[in-house]
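Now for the letters of each chain:
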Amino acid sequence: MKRLEKVFLALCAVAAVQAISVADAYASPARSLMQELDTDKDGLISLKEAVRHTGLLRNFGLIDDNEDGKLSEAELAKSKLTPGNEKLTASE
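With an unreviewed UniProt entry as reference, the chain is termed EF-hand domain pair family protein, source organism Alteromonas macleodii.

Okay, structure coming up:
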């Protein structure tokens, strides 16, 4: 009986890892960029952090609606210039 419990727990663990992987694959481009570039974890991408992503850096000033020099996840999600958003708008 103990062996069956161990096998069941292992299968549950594998299913959980796969579910997390699928969720990450379908994350919005804005959330993906935020996770990748927001190194200080303040919820904003500064110009200094955006330097690591040339596609984002190219349109930084156009995406920054409130002109505070930082990009929020909302600004990234709203702009068609955010890398990855063009795929979402083309399929709609």
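From this point, the narrative continues.
A word on the UniProt feature "domain: EF-hand" (unreviewed entry) in the chain. In the numbering adopted here, UniProt assigns the feature "domain: EF-hand" (unreviewed entry) to residues 33-49 and 60-77. Helix makes up 47% of residues 33-49 and strand 18%, and the two end C-alpha atoms of the span are 11 Å apart. Across residues 60-77, helical content stands at 50% and strand content at 17%; the span's end C-alpha atoms are separated by 13 Å.

For the rest of this paragraph, the subject is the pattern of salt bridges. One pass over the full model with this rule turns up two salt bridges. Here Lys 78 ties to Asp 65 by a salt bridge, and the two come within 2.6 Å at their closest N and O atoms. Placement of the pair is Lys 78 in helix H6 (residues 73-78) and Asp 65 in the loop between helix H5 (60-63) and strand E2 (70-72), with a sequence separation of 13 residues. Judged by its relative accessible area of 62%, Lys 78 is exposed. Exposure remark for Asp 65: the relative accessible area of 45% places this residue in the partly exposed category.

Cut-offs applied
Residues numbered from 1 in each chain as written. Predicted model: local features only at pLDDT ≥ 70, side-chain atom pairs only at ≥ 80, totals over all residues. Heavy atoms only, no water. UniProt positions renumbered as here; feature names shortened; annotations may be inferred. Helix = DSSP H or I, 4+ residues; strand = E, 2+ residues; numbered from the N terminus. Salt bridge = Lys/Arg side-chain N within 4 Å of Asp/Glu carboxyl O. Buried < 20%, exposed > 50% of the residue type's maximum accessible area, 1.4 Å probe, protein only.

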